[in-house]
Amino acid sequence: MTQRISKYQRFKMMNPIIQFFKFIYLSIKIMVIVAGGHGGTRKIN
Amino acid sequence: MAKIVVLGAGISGHVAASHLRRKLPKEHEVVVVSPNSNYQWIPSNIWVGIGRMKSEKILFPLAPLYKRKHIGYKQAKAVSFYPEGDQNEQKPYVLAEYVFGEQKGQQEKITYDYLINATGPKLNFEATEGLIPGKNKTYSVCTYTHADHAWEGLKALIEQMKQGKKARILIGTGHAKATCQGAAFEYILNVEEELRKHKVRDMAEVTWISNEYQLGDFGMDGMLLSYGSMTMKSHEMIEMIFEDRDIKWILGAGVNKIEDGVAHYENLEGEQKSELYDFAMLIPSFSGHGFKAFNKNENDITEKLFKGFMIVDANYTPKPYEEWSVQDWPETYQNPTYKNIFAPGIAFAPPHSISKPRKSKNGTEIFPAPPRTGMPSGITAKLVAENIIDTIKNGQESLSHKGSMGNMGAACIASAGFGMTTGSGVSITTYPIVPDYEKYPETQGRKLGKTFGEIGLAGHWLKLALHHAFIYKAKMRPFWWLIPE
Ligand SMILES: Cc1cc2nc3c(=O)[nH]c(=O)nc-3n(C[C@H](O)[C@H](O)[C@H](O)COP(=O)(O)OP(=O)(O)OC[C@H]3O[C@@H](n4cnc5c(N)ncnc54)[C@H](O)[C@@H]3O)c2cc1C
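Quick notes on the rules
Residues numbered from 1 in each chain as written. Chains lettered and ligands numbered in written order. Predicted model: local features only at pLDDT ≥ 70, side-chain atom pairs only at ≥ 80, totals over all residues. Heavy atoms only, no water. Helix = DSSP H or I, 4+ residues; strand = E, 2+ residues; numbered from the N terminus. Buried < 20%, exposed > 50% of the residue type's maximum accessible area, 1.4 Å probe, protein only. Areas by Shrake-Rupley, 256 points an atom, 1.4 Å probe, with all protein chains shown as cover. Lys, Arg positive; Asp, Glu negative; His and termini not counted. Charge placed at Lys NZ, Arg CZ, Asp CG, Glu CD. Polar contact = N/O pair within 3.5 Å; in protein donor to acceptor, adjacent residues only side chain to side chain. Contact = heavy atoms within 4.5 Å. Near = heavy atom within 4 Å. Nonpolar A, V, L, I, M, F, W, Y, C, P; charged D, E, K, R; others polar. Buried area = accessible area lost by both parts, 1.4 Å probe. Salt bridge = Lys/Arg side-chain N within 4 Å of Asp/Glu carboxyl O. Axes fitted to C-alpha atoms, helices over the stretch in contact; angles between N-to-C directions. Left-handed = near helix turned anticlockwise from the far one by under 90°. Phe/Tyr/Trp six-rings, centres within 6.5 Å; stacked < 30°, edge-to-face > 60°. Lys NZ or Arg CZ within 6 Å of the ring centre and 35° of its normal. Pairing = 2+ DSSP bridges.

Looking up chain B in an unreviewed UniProt entry gives the name Sulfide:quinone oxidoreductase, with the organism given as Gelidibacter algens.

Draft legend 1. Main features of the overall build of chain B. Of regular secondary structure, chain B possesses 9 helices and 28 strands. Overall, the C-alpha framework of chain B stretches about 65 × 50 × 45 Å when taken along its three principal axes. By residue count, 62% of the 485 residues in chain B fall in the buried class. By element, 51% of the accessible surface of chain B is carried by carbon and sulfur atoms, the whole surface being about 18,600 Å². For chain B, the centre of its 56 positive side-chain charges and the centre of its 53 negative side-chain charges are spaced 6 Å apart.

Draft legend 2. View of the side chain of Gln40(B). Residues and elements named next belong to chain B. Tracing the sequence through the fold places Gln40 in strand S3 (residues 38–40). From its side chain, Gln40 meets the backbone nitrogen of Tyr144 in a polar contact 3.3 Å long. Setting aside its immediate chain neighbours within four residues, Gln40 contacts Asn45, Ile58, Leu59, Thr143 and Tyr144.

Draft legend 3. Geometry of the site of the ligand. All names here are of chain B. The full set close to the ligand counts 32 residues, and Ser12, Ala78, Ile346, Arg372 and Gly374 are the nearest of them. A distance of 2.9 Å is found between an oxygen atom of the ligand and a side-chain nitrogen or oxygen belonging to Asn36. Contact between the ligand and Thr373: an oxygen atom at 3.3 Å from a main-chain N or O atom of the residue. Computed on the free molecule, the ligand has an accessible area of 1,000 Å², of which 88% lies beneath the protein chains in the complex. In terms of residue count, the dominant contributor to the shell around the ligand is helix H8 (residues 374–394) (3 residues). Here the shell around the ligand is built from residues that sort into 16 nonpolar, 12 polar and 4 charged.

Draft legend 4. Representation of the interface of chain A and chain B. Facing 28 residues of chain A, the contacting portion of chain B comprises 47 residues. Each partner contributes to the roughly 3,200 Å² buried at the junction of chain A and chain B, and carbon and sulfur atoms together form 62% of this total. Counting every contact that joins chain A to chain B gives 5 salt bridges. Notably, a salt bridge pairs Lys22(A) with Glu454(B), separated by 3.3 Å at the nearest N-O pair.

Draft legend 5. View of the environment of His401(B). Residues and elements named next belong to chain B. Along the chain, His401 falls in the loop between H8 and strand S26 (410–417). Placed 18 residues apart in sequence, His401 and Leu383 show a C-alpha to C-alpha distance of 5.5 Å. Ignoring any residue separated from it by four or fewer positions in sequence, one finds His401 in contact with Glu331, Thr332, Leu383, Glu386, Asn387 and Asp390.

Draft legend 6. Expanded view of the packing of helix H1 (residues 11–23) of chain B against H8(B). Residues and elements named next belong to chain B. Axis separation between H1 and H8 bottoms out at 8 Å; the angle between their running directions is 35 degrees. Viewed along their axes, H1 and H8 form a crossing whose handedness is right-handed. Taking contact as the criterion, the partners of Ile11, Ser12, Val15, Ala16, His19, Leu20 and Lys23 in H1 are, on H8, Gly374, Ser377, Gly378, Ala381, Lys382, Ala385, Glu386, Ile388, Ile389 and Lys393. Here the residues of the contact of H1 with H8 sort into 8 nonpolar, 5 polar and 4 charged.

Draft legend 7. The pattern of salt bridges, seen in detail. Inspection of the entire model under this criterion finds 26 salt bridges over all chains. The salt bridge involving Arg42(A) is made with Glu331(B); its shortest N-O contact spans 4.0 Å. In this pair, Arg42(A) sits in the segment after helix H2 (16–34) while Glu331(B) sits in the loop between strand S24 (309–310) and strand S25 (341–342), so the two residues belong to two different chains. Arg42(A) gets classed as partly exposed once you look at its relative accessible area, which sits at 30%. Glu259(B) is the partner of Lys257(B) in a salt bridge, and the nearest nitrogen-oxygen pair spans 3.7 Å. You can call Lys257(B) partly exposed: its relative accessible area is 28%.

Draft legend 8. Just the packing of aromatic side chains, in detail. Residue and element names in this part refer to chain B. Taken as a whole, this structure holds 20 aromatic pairs over all chains when the rule is applied. Ring centres of Trp47 and Phe418 lie 5.0 Å apart, and the angle between their planes is 80 degrees; on these two criteria the pair is classed as edge-to-face. Of this pair, Trp47 sits in helix H2 (residues 45–48) while Phe418 sits in the loop between S26 and strand S27 (424–430), and the two are 371 residues apart along the sequence. Look at Trp47 and you get buried, because its relative accessible area is 0%. Classification of Phe418 by relative accessible area gives buried; the value is 16%. Linked through ring pairs, Phe185, Trp208, Phe218, Phe242 and Trp249 together constitute an aromatic cluster. Lying over the aromatic face of Phe348, Arg372 brings its terminal NZ or CZ to 4.7 Å of the ring centre.

Draft legend 9. Up close: the pairing of strand S28 (residues 452–456) of chain B. All names here are of chain B. Among the 5 residues of S28, 5 are classified as buried, and the element is accordingly described as predominantly covered. Burial of the side chains of S28 extends over both faces: Phe452, Glu454 and Gly456 are buried on one face and Gly453 and Ile455 on the other. In terms of strand pairing, S27 meets S28 through 5 bridges, oriented antiparallel. Among the inter-strand pairings, Ile428 is bridged to a residue of S28, identified as Gly453.

Draft legend 10. Here's a closer look at the sheet that holds strand S19 (residues 272–276) of chain B. Residue and element names in this part refer to chain B. Taken in spatial order, the 3 strands of this open sheet run S17-S18-S19, and their pairing is antiparallel. This sheet does not close on itself; its edge strands, each paired only once, are strand S17 (253–259) and S19. Each neighbouring strand pair of the sheet contributes to a mean axis angle of 30 degrees, computed without reference to strand direction.

Draft legend 11. How the structure looks around the environment of Thr119(B). All names here are of chain B. Within the secondary structure layout, Thr119 lies in the loop between strand S9 (114–117) and strand S10 (122–124). In sequence terms Thr119 and Ser34 are 85 residues apart; their C-alpha atoms lie 8.1 Å from each other. In this structure, Thr119 is in contact with Leu7, His289, Phe291 and Ala347, ignoring residues within four places of it in sequence.

Right, here's the structure in full:
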């Protein structure tokens, strides 16, 4: 096993308070990306 | 009065039927034809497969909901398509066979004005010899019954490991052209985490086997993504996770035969190899359902409707990878020959893969087929429904709603372990799903920032929130339509 994620990174990944804010941030960000519209890619002559 | 028939009650069929019903006056008929009696939220099968969620939590019966909402429902499977009707039936119809109740085995001509084929994939286990869910120590999590079996198998193995057995666990793709790597990725991380929770991690060797050329390809040719303040490639991110979790990997592997506890595969070098295991979860290849189509004179016209999956407004001209364009991908999911037939979700035939095609030295194609995850399945189903609604209301064909996978974002919230405080998730979004090298030439066809990755507890909460939100939406509870696809 190779420790690729440091203890500090892991602490940030699993800390419920930090992650609560991340949850709000991610929810909004994902909503913007996904619900932010979609359309065609072809040029209409 | 128009009659819209929807084949399939999975994510796309159900989304289409519910939007049609909400927006069309009652004089128009919406009928769902599907062999499944329950709606299932497939993404949560991952948790059923590790015993953290009961399958009852991810499903509900369709008949009572459809009755309440005035959506017709026939528990039947489509068999063949007659888009011009026949000598005795003027209207186009689908021949369907009932699979349940007194009518079981009976066939019916179900006529339509508009047809939405949302039959998703056939789970083509037969394409890999010996790959049978629940047999030869291989399992699947593609349906809730498969996931229940997978948990039974895993639980039994964990018990043996507690008694001192050393075990090999193999998770990934079970065919050279399989897709849905994301689901297998979630499952391997969840299984690995469960082993830790049961304190048997040190007894197991956990291995990822996949037809991907690199880790993190996910059938999308991999991606360049923002990760915190860095920009990294998806294979670097997944490599980091796998190394950190002590998960080994075998790539470029086309699994072609399963024997009890042995997976045989060919790699890109053309070598035939095998991998031993005590528990395997391998995603089968997905194929079309093998439907046939006939014209008015009952001549076979299958090639006008199907190319494995259903033919839609894509550019199917064969061309080399270097010439693929985002414009090849469909926008309205309308069949070019029969313009009242549409195929959203997994049911449409993609123009080509998204990942670079690769062949082994023996000429065997080993690369992922293109995935169509829940989000694009829902979005394409909704836009098909909206175009049909506009066409009915305007009295003329209207195709103003468009949604190419080359101009659409998708989120993959991959669970990496279950638990309100101990769980984890890998959240990845891509924009667009199909890379657009003209628009984003410097960033591998995708927009950085909108294509990003995150790891942590919040990802688990997100996946759980999506589970509840989408089941609420599927049950058509108050204001369900405010929840985006
Ligand atoms: C284990 C797993 C985990 C996943 N996790 C995620 C995730 O986290 N996020 C995500 O976005 N996507 C995920 N996906 C992908 C997602 O489930 C699919 O993209 C989605 O289900 C596709 O929707 P669909 O309606 O096209 O097909 P399906 O959901 O497969 O629905 C097809 C429907 O057609 C019906 N049908 C079949 N044959 C016939 C016939 N002959 N006549 C009539 N009806 C028929 C079936 O019974 C079913 O109701 C996951 C998939 C799997 C397998």
